[in-house]
Structure formats: C-alpha cells, structure tokens
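Examining the three-dimensional arrangement
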Amino acid sequence: MAPKKGSSSSSSGGIGGWLKLFAIILGVLSPIIYLIDQNLDRFYIFEPANLHDVAKRAIAAHGNDTQSVVHFILKELQENPKTAPYVNDNIDNEYFFNNAGGAMGGMTIIHASVTEYLIIFGTAVGTEGHSGRHTADDYFHILRGEQWAYVPGEFEREVYKQGDVHLMRKGVIKQYRMPELCFALEYARGWIPPMMFFGYADLFTSVLDLPTAWYTAYYTGKQMIGNLLIGKF
Ligand SMILES: *[C@@H]1O[C@H](CO)[C@@H](O)[C@H](O)[C@H]1NC(C)=O
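Sequence order as written defines residue numbering, which begins from 1 separately in each chain. At least 70 in pLDDT is required for a residue's local features to be given in this predicted model, at least 80 for side-chain atom pairs to be given and counted, and no such filter applies to totals for whole chains, interfaces and linings, which use all residues. Note that water and hydrogens are dropped before the side-chain values are worked out from all heavy atoms of the structure.

Quick notes on the nonpolar core
What counts here: Joining through side-chain atoms within 4.5 Å is the link that ties buried Ala, Val, Leu, Ile, Met, Phe, Trp, Tyr and Cys residues into a set, and such a set is a nonpolar core. Only protein chains enter the calculation, and the probe is 1.4 Å; a residue is then buried if its accessible area is under 20% of its type maximum, exposed if over 50%, and partly exposed in between. Helix and strand definitions here come from DSSP, where helices need a minimum of 4 consecutive H or I residues and strands a minimum of 2 consecutive E residues; each element is numbered from the N-terminal end. Contacts between residues were defined by any pair of non-hydrogen atoms, one from each residue, lying within 4.5 Å.
By size, the foremost hydrophobic cluster in this structure holds 26 residues, and its most contacted members are Phe-46, Ile-73, Leu-77, Ile-110, Leu-118, Leu-143 and Leu-185. Of all the elements in the fold, those that place two or more residues in this core are α2 (48–62), α3 (66–79), β3 (116–123), β5 (136–150) and β9 (182–190). Those residues in contact with Phe-46 that sit more than four places away from it in its chain are Leu-51, Leu-77, Thr-83, Val-87, His-111, Glu-116, Leu-118, Tyr-187 and Arg-189. Within the second largest apolar cluster, 22 residues are counted, among which are Ala-103, Ala-112, Phe-140 and Ala-188.

Overview of empty space enclosed by the protein
Definition in use: Note on definitions: the grid is 1 Å and covers protein atoms alone; a cavity is a set of points where a 1.4 Å probe fits but cannot get out; a pocket is an open set with protein on both sides within 12 Å along at least five of seven lines; lining residues have an atom within 4 Å of a point. Grid points are joined across faces, edges and corners, and a volume is the space filled by probe spheres set on the points. Classification convention: Asp, Glu, Lys, Arg as charged; Ala, Val, Leu, Ile, Met, Phe, Trp, Tyr, Cys, Pro as nonpolar; all other residues, Gly among them, as polar.
For the coordinates displayed, the defined rule picks out one cavity of 30 Å³ or more. By volume, the largest cavity is sized at about 540 Å³. Surrounding the largest cavity, 27 residues form its lining, Asn-98, Tyr-117, Ile-119, His-134 and Glu-186 being those nearest its centre. Secondary structure elements with two or more residues in the lining of the largest cavity: β1 (96–100), β2 (103–112), β3, β5, β7 (165–168), α4 (195–207) and α5 (210–229). Examining the composition of the lining of the largest cavity, we find that four residues originate from one element, α4, more than from any other. A class-by-class count of the residues in the lining of the largest cavity yields 16 nonpolar, nine polar and two charged.

Looking at the packing of aromatic side chains
Given two aromatic rings, one states the distance between the centres and the angle between the planes to describe the pair. For the record, the criterion: Aromatic contacts are taken between Phe, Tyr and Trp rings whose centres are within 6.5 Å, Trp giving its six-membered ring; a plane angle under 30 degrees counts as stacked, one over 60 as edge-to-face, and the others as tilted. Here, a charge over a ring means that NZ of Lys or CZ of Arg falls within 6 Å of the ring centre while also lying within 35 degrees of the ring normal.
The full count for this structure, using the stated rule, is nine aromatic pairs. Judged by centre distance (6.4 Å) and plane angle (90 degrees), the rings of Trp-191 and Phe-233 are edge-to-face. Of this pair, Trp-191 sits in the loop between β9 and α4 while Phe-233 sits in the segment after α5, placing them 42 residues apart in sequence. Judged by relative accessible area, which is 23%, Phe-233 ranks as partly exposed. What links up through ring pairs into an aromatic cluster is the set Phe-96, Trp-214, Tyr-215, Tyr-218 and Tyr-219. Just above the ring of Trp-148 sits the side chain of Arg-157; from NZ or CZ to the centre is 3.6 Å.

Considering the UniProt feature "transmembrane region" (unreviewed entry) in the chain
Quick note on the threshold: UniProt positions are given in the numbering used here, feature names are shortened, and annotations may be inferred rather than shown by experiment.
Taking the UniProt record as the reference, the feature "transmembrane region" (unreviewed entry) is found at residues 15–36. Secondary structure within residues 15–36 divides into 100% helix and 0% strand; the distance between the first and last C-alpha atoms comes to 31 Å.

A few points about the environment of Tyr-187
Mapping Tyr-187 onto the fold places it in strand β9. The class for Tyr-187 is buried, based on a relative accessible area of 0%. Along the sequence, Tyr-187 and Ile-110 sit 77 residues apart, while their C-alpha atoms lie 9.8 Å from each other. If sequence neighbours within four positions are ignored, Tyr-187 has contacts with Tyr-44, Phe-46, Pro-48, Leu-51, Glu-116, Tyr-117, Leu-118, Asp-137, Asp-138, Tyr-139 and His-141.

As structure tokens, then:
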C-alpha cells in the first residue's frame, strides 16, 4: 500500500507541481496585468489627433510623393522631444513584406513597444483580407490611395480616402481591401505583443518565407527591446 501510494503521489505530484506553479504565476501576474491594463494610457507617447494632423499636413505639402510624405512625418516626430528618443531613424532601409489575414503589403517600423506601434504599411498593387481581431485600437491614416472595409450586415462598403483615418477599436474585425495602390500610417495602442501572432500566422502556415520571418522578428524585436531598455513600455 505504502509504495503504491508513494509512486502515484510522485507521478501526480509532478503534474500537480507544475499546475501549482502555473496557478501561482497566474495569480501573481493577473493583478499586475490588470493594473497595467487600467493604466495603459500612461505609457503612450503618440497622440492620435497629432498623428492625423501631421499626416494631413504632410499630404498637403507633398501630395502623392509618398516617400516625401513619410519623411515629413518622421522629421516632425524626430523634432518632438516627447517622441524623438523612441523613433527609428533607419526606416528607409528596413522595409519588408507582411502577410497577414490573407492580405499582403510592405511595411517599415517607425516605433514598436509593448503598448504602441507606428508603421508605414501599404502596397503599390492592391490587396484584400481579414483585418485581424486585435488587442489594441488601430488608427489607419491613409497617406495615398483608398482603403475599403466591409462588416457583415452592411450592404455598402466603407471608403477611406487620402487624409482620412480609419479607426478600428480593440476587438473589432472587418474585411478590408486596398483596391489598388495605397499607403498608410498605421498607429496601434493597447497590447501589442499578442498582435504578433496574427502578424506571423500567414508566414508559417502559408508563405513559409523564412527570411521575411527573420526580418519581422529582428526589426520588431530591435524596436521592442530597444525601447524597453530606454524605459518605454
Ligand atoms: C493623388 O492622386 C489621386 C489620383 O490621381 C488624386 O485624385 C489626388 O488628388 C492626388 N492627391 C494629391 C494630394 O495630390
């Protein structure tokens, strides 16, 4: 009886031990994450109203010369003491493909941290797909071209034009399309790391493009870790 009891308790003790550890980690982390979640806005360095304003002024200054529009926006963020330390000054050399939700485009990261990202995303040939169900509010500023969106139950498409912002709140999903050339300044605020799963899914289940997976991980990691090291959560 005694050896049997001993052996059964040692095998279930292994699993039980892990479960206990998991429960402790969950118990410690949950209130911390809850507390951070309630105070996420304290970590934000970008302001949606300012981004929309600079996007519109950049378009007014440079029209459809999108590279100059992007440089105008970047320059202003680099001159603003609140954002300057956290802005990537090498975006021109860090464009890479993104496949997500069936859509494909090119992107470069202006900023990425645990609570925010700011990227240039777009394509010169058009694309269509699932927006993804995200853990952040997403402000999609159209710099050039048009973006269309559709929600089940509607019978007309939403159309976002040059200078418009398409705001998708946390958890909202849409089918979207860039009918042809379209570039945008995309700003997300909320919990960014969970969004990476959506950003990676097509890479590993469909396109199997390992160099692109590497660029995605490298450029995102460089931003996220670099910003964490200088105190930007
Ligand atoms: C950009 O090009 C489109 C299509 O030719 C045009 O309708 C739009 O007015 C142009 N935008 C600017 C700011 O020049």
